[in-house]
Amino acid sequence: MQSFININRSEPKKTEVKERVKHFDEIYTLYNRSKLAQQADRCVQCGDPFCSANGCPLSNAIPQWLLAIAGNDLKKAFLLSNETSPFPEILGRVCPQANLCEGACTLADGYGAITIGSIEATITDLAFQQGLSIEFPPLRPNLKVAVVGSGPASMSAAHFLLRAGIKVEMFERADRAGGLLTYGIPGFKLSKDIVDSRIELLKKAGMVLHLGTTIGVDLSLKHLHDSFDAVFLGVGATGGKRSGLTNEDHPSVFIAMEYLTHIQKKLFGMDSDPRFSVKGKKVVVIGGGDTAMDCLRTAVREGAESVKCLYRRDEVNMPGSPKEYINAREEGVGFLFNASPRKIELGKQGDIAGVELVRTRLGKPGEDGRAQIEEIPRSEFCAPADVVILALGFDIESVSYLSEVGVEVNRWGQVVVDAQTGKTSNPKIYAGGDCQRGADLVVTAARDGRQAALAITLELLGNN
């Protein structure tokens with residue numbers, strides 16, 4: 001180990017821009033076995049590993065599986081990686097590692113952090129290719145838990161419940177499982193085959209999956225409450241935020257998630273609404289997070305004439321992953337910083353003509369510690385547009401069925417839970433992910449699902 005002095009950090013190879021913008025396939029080619037071991041061998045094996053203790057919400061055993069794979073012990077690395085994480089091959093692809101584990105790496109300043117995310121994804125990819133599998137115990141005949149939703153928190157809860165030998169039935173309103181992983185994250189970042197493989201692994205372990213089943217319509221939450229030993233709610237936060245701009249209800253103004261979902265359904269071969277076609281159009285995306293980057297890069301692949309991102313702060317203050325910002329720039333996306341939207345302008349025929357903006361500057365820090373935005377007087381201008389996509393974050397969908405079983409929500413509609421267990425005000429019902437914390441990372445949803453699953457396991461096995 002500690003070969004960082006002689007071996008530089010090496011990112012996985014990316015498909016050339018002119019090729020990758022033609023399709024939705026993943027743009028990174030992960031390491032081969034030799035490169036994997038070489039990059040893992042750069043780890044200094046810190047006595048106090050910040051990557052795990054401070055950087056990883058799941059507290060994954062990062063130094064341990066780096067040491068194992070540096071020694072070419074794929075099986076050990078695979079088992080260690082999958083012990084604390086419900087889907088390392090997914091998180092290795094979608095986590096903002098620069099802000100988490102890699103950002104906390106001792107080598108980040110000076111030598112270049114260990115490529116933890118890419119190594120994490122590659123370990124499980126190679127292990128599955130070589131026929132390695134995760135062991136699940138036989139299911140206990142007298143215990144069963146209902147999981148509502150099939151996104152990251154729900155998949156995590158199901159994984160750890162099944163590993164405890166507890167039956168799981170998952171209820172998903174969509175036609176495919178995976179939630180955000182399937183419909184909210186484009187294929188150039190996360191292949192849908194990878195998501196499908198994890199779902200199939202859970203089904204093979206004994207999970208029963210009910211697709212096209214909406215709780216509150218097809219089945220009541222009370223029915224699940226009365227029929228199962230416990231219920232986990234992982235319904236996410238899929239309501240897109242609006243900004244209150246004039247004309248934002250125009251048919252050519254899209255909420256980010258509805259746009260991404262529609263494009264993915266089209267890629268699956270499902271019915272396509274021509275309203276969402278951006279081919280040959282000027283597309284403007286308002287927002288600076290990873291969802292905004294996903295919309296921008298999707299519009300490029302959908303054949304837009306031009307694609308531009310509008311963000312009211314500067315480049316340094318963008319909340320998204322630096323990697324995704326770089327990828328978007330490489331693919332031809334334009335960025336307009338320090339510009340705040342005022343209204344959406346319409347042309348004489350009623351079509352969108354552009355977005356009226358005002359230039360901004362950053363002032364003194366506010367209560368949240370971030371610099372406050374100040375508008376510059378008499379600096380208005382217009383950015384031409386045919387289509388506007390709002391990527392301004394997510395709200396919790398109003399779920400009326402929670403009250404029928406006494407589940408408390410706060411004033412933002414988030415489910416109120418015990419921070420240590422995920423238990424709601426109803427002792428049989430647990431919740432995790434965006435529905436209880438607001439829109440956040442896939443990895444924090446995975447942690448919530450794991451935490452709730454462990455609490456449910458202790459509760460149920462303590463009584464049996």
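Residues numbered from 1 in each chain as written. Predicted model: local features only at pLDDT ≥ 70, side-chain atom pairs only at ≥ 80, totals over all residues. Heavy atoms only, no water.

Draft legend 1. Quick look at the sheet that holds strand β6 (residues 230-233). A sheet is described by the order of its strands in space; here 5 strands give the open sequence β5-β4-β3-β6-β17, paired in parallel fashion. Each edge of the open sheet is held by one strand with a lone partner, namely β5 (208-210) and β17 (429-431). Each strand axis lies, on average, 20° off the axis of its neighbour in the sheet, ignoring direction. Note: strand β3 (residues 144-148) against strand β4 (residues 167-171), 5 bridges, orientation parallel. Paired with V147 across the bridge in β4 is M170. Against the sheet, helix α17 (residues 442-461) makes contact with β3, β6 and β17, and its axis sits at roughly 160° relative to β17, the strand it touches most. (Pairing = 2+ DSSP bridges. Helix = DSSP H or I, 4+ residues; strand = E, 2+ residues; numbered from the N terminus. Axes fitted to C-alpha atoms, helices over the stretch in contact; angles between N-to-C directions. Contact = heavy atoms within 4.5 Å.)

Draft legend 2. Representation of the layout of surface pockets in the model. When its volume is computed, the second largest pocket comes out at roughly 540 Å³. Taken together, 29 residues line the second largest pocket, and the ones lying closest to its centre are R9, E11, Y28, Q97 and K323. Elements with a contribution of two residues or more to the lining of the second largest pocket: α6 (88-94), α8 (116-129) and α15 (322-330). At 5 residues, α15 tops the list of elements feeding residues into the lining of the second largest pocket. For the lining of the second largest pocket, the residue count by class is 12 nonpolar, 7 polar and 10 charged. (1 Å grid on protein atoms, 1.4 Å probe; cavity = no way out; pocket = protein on both sides within 12 Å on 5 of 7 lines; lining within 4 Å. Points joined across faces, edges and corners; volume = space filled by probe spheres on them. Nonpolar A, V, L, I, M, F, W, Y, C, P; charged D, E, K, R; others polar.)

Draft legend 3. Spotlight on helix α14 (residues 290-301). Here α14 contains 12 residues, and its C-alpha end-to-end distance of 17 Å stays within 8% of the 16 Å for a straight helix at 1.5 Å per residue. Along α14, 10 of the 12 residues are buried, which leaves the element largely enclosed by surrounding structure. Positive phi shows up at G303, right after α14, with a value of about 85°. (Expected span 1.5 Å × (residues − 1). Buried < 20%, exposed > 50% of the residue type's maximum accessible area, 1.4 Å probe, protein only.)

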